[in-house]
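The lines below spell out each chain.
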Amino acid sequence: MNLAESSLYASRYEDALAPGVIKHRAESHGSAVEDLMSVGVEEACQKLECGLKEVLLVSAQLEKVIRAEIERALAHSKVVYRSPGAALAAAYAGVAPGDGTPPSFITGLAGVGKTRLRLAIQRILVGDRKISLDPAHSAVPLIDYVDCVVGKKASVSAVLRTFASPGTASGKVRIGQEELGRECARWMRVSGVCLFGGDETQFMAQSAAASTLITRTLLALAELQVPWFVIANYSLVWKLRSRPPEATQRLLSRPVVLLPDPPASEDWAVLLAAYQVVLDEAVSFSLVDHRVELWNLCAGLKRLLVNLLVLSYWMARSAGSPKASWAHVRQAFNSVRYATARDDVNLLIAHAGQKTSLRKDLLCPFNGPELQADAEVFADQLRAARLATVALRTVQASMNRQERDAIAFINKSANLMPEPTAQVIKLQKNRKPRTLNGMLVAAAGFMESLDDRSKK
């Protein structure tokens, strides 16, 4: 058991900031999901979704944010625990009230990877050991990081108990909210916590007084006098911006906006390659070869990408195919199951190309020169996605009879159902009438075939 020397508190975060450590501790690349044809389509889709969610990669953007948070923890440890007896003093005297510690307010579009950032920090800062404050006292925990999922907790006290000592957290010790906050600050100082994070705060926003409750909760967390971050969608930030300025100035002074990785970036390619491994038995095409098209169909949002790929496999299996082709991806994008996500993607594309109105959950609540460059890259790619859609429609409208017949043949060939295996029951399908979306899929297939011929 270690004695509570000053260097012990700081070394935890110095080790995490060493080159390569963040990725080494946080990343998981997933593995191939096997034997999909031995189970029903719904079970197979669940296995694929779980397999894809196992993939956690630290992009350059995430690493920059994670490093900044760990550096805050390191700075705090060096200031607060510069005296060997600081933790012991806090055990008896508590923590002096202060102005509150503003959070890093991490926001972005739903599905961009905010929660993955929190999970990465959990993996990096896993320390939870016992130390001795001095020979005359019992050992206490040394905790690197505390994670708080706010969820649907109904009160400030319920959230604060996440940070309390075991007896207080379990409810054995009953104290009021004001005293509870001081007790949490004291316990965190004693146990060496130099960073904590909160997530799913938007789920607290279910009542008429939601904005007031969330504001009070976040201000109470700031009073714990520890560096922290909070994760929230755009819509919650807009709600907080309508609160009195004395609250917003304390809570929104350190905004961090996460944006989707561009389709041409190495991070996007590495993610698709990792997904390819998981989907080995599920898809018949190269995800990396369709890196731009996939980005256009999900606006670079990883959660939507996972949903789209799993839905593509569901449609393939439902049609009697053991693997999803690119045509199945296009069909999945146009399906009713993807309708809500498709509407959001189309709204983002329309706003970037034509400056149409945008819902607040899709509109970034912050601006500034340091954000503008990355935001413009995102907008440029959305405009490129719009141009790609317009180009397909233009080609489709200008085709002659021979070209339309060629498209029909290619589309029919791409969707031929293979001979069923023992695990697949082939059901009779009624021929569906042609639709505009179906014709666009055909046009896309024809354009891809022309590209393939030109490369030969």
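Look up a bit, the structure's there.
Since this is a predicted model, take the numbers as computed values, not measurements.

## Focus on the environment of leucine 213
Argument step 1. You can see leucine 213 is positioned in helix α10 (residues 210-222).
Argument step 2. Relative accessible area serves as the criterion here: at 14%, leucine 213 is assigned to the buried category.
Argument step 3. Each C-alpha atom, one on leucine 213 and one on serine 155, is 7.5 Å from the other, the two residues being 58 residues apart in sequence.

## With respect to the packing of helix α13 (residues 266-278) against helix α15 (residues 302-318)
Argument step 1. Put simply, α13 and α15 touch, their axes get as near as 13 Å, and they point 35° apart. In this structure, the crossing between α13 and α15 has a hand that is right-handed. From α13, Trp268, Leu271, Leu272 and Tyr275 reach across to α15, where they touch Lys302, Leu305, Val306 and Leu309.
Argument step 2. Its residues placed into classes, the contact of α13 with α15 shows seven nonpolar, no polar and one charged.

## What to know about the environment of alanine 73
Argument step 1. Among the structural elements, alanine 73 can be located in helix α4 (residues 60-80).
Argument step 2. Linking alanine 73 and aspartate 144, residues 71 residues apart in sequence, is a C-alpha distance of 8.9 Å.
Argument step 3. The contact partners of alanine 73, leaving out residues within four places of it in the chain, are Tyr13, Cys194 and Leu195.

## Some thoughts on helix α17 (residues 339-354)
Argument step 1. The terminal C-alpha atoms of α17, which comprises 16 residues, lie 21 Å apart, in line with the 22 Å expected from a rise of 1.5 Å per residue.
Argument step 2. Where α17 is concerned, the buried positions are Ala339, Ala341, Arg342, Asp344, Val345, Leu348, Ile349, Ala350 and Ala352.
Argument step 3. Among the residues trailing α17, lysine 355 stands out with phi positive, at a value near 55°.

## Some thoughts on helix α11 (residues 234-241)
Argument step 1. All of the buried residues in α11 are Tyr234, Leu236, Val237 and Leu240. One side of α11 carries all its buried residues, which in axial view fall inside an arc of 160°.
Argument step 2. Lining the buried residues of α11 we find β2 (104-108), α10, β7 (228-233), α12 (245-251) and β8 (255-258).

## Observations concerning the packing of aromatic side chains
Argument step 1. This structure, assessed with the given rule, holds seven aromatic pairs.
Argument step 2. A centroid spacing of 4.0 Å and a plane angle of 5° characterise the contact between tyrosine 9 and tyrosine 81, whose relative ring orientation is stacked. Residue tyrosine 9 is located in helix α1 (residues 6-16), and its partner tyrosine 81 is located in the loop between α4 and α5 (86-93); the two are separated by 72 residues in the primary sequence.
Argument step 3. Taking the relative accessible area as the measure of exposure, tyrosine 9 reaches 1% and is therefore buried.
Argument step 4. The class of tyrosine 81 is buried, set by a relative accessible area of 1%.
Argument step 5. Ring centres of phenylalanine 333 and tyrosine 338 lie 5.7 Å apart, and the angle between their planes is 50°; this geometry places the pair in the tilted category.
Argument step 6. Taking relative accessible area as the criterion, tyrosine 338 reaches 2% and is therefore assigned buried.
Argument step 7. Each member of the aromatic cluster is reached from another via a ring pair, and the members are Phe163, Phe196 and Trp228.
Argument step 8. We note arginine 337 situated over the ring of tryptophan 314; from NZ or CZ to the ring centre the distance is 3.9 Å.

Rules and cut-offs
Residues numbered from 1 in each chain as written. Predicted model: local features only at pLDDT ≥ 70, side-chain atom pairs only at ≥ 80, totals over all residues. Heavy atoms only, no water. Helix = DSSP H or I, 4+ residues; strand = E, 2+ residues; numbered from the N terminus. Buried < 20%, exposed > 50% of the residue type's maximum accessible area, 1.4 Å probe, protein only. Axes fitted to C-alpha atoms, helices over the stretch in contact; angles between N-to-C directions. Left-handed = near helix turned anticlockwise from the far one by under 90°. Contact = heavy atoms within 4.5 Å. Nonpolar A, V, L, I, M, F, W, Y, C, P; charged D, E, K, R; others polar. Expected span 1.5 Å × (residues − 1). Arc of directions from axis to C-beta. Phe/Tyr/Trp six-rings, centres within 6.5 Å; stacked < 30°, edge-to-face > 60°. Lys NZ or Arg CZ within 6 Å of the ring centre and 35° of its normal.

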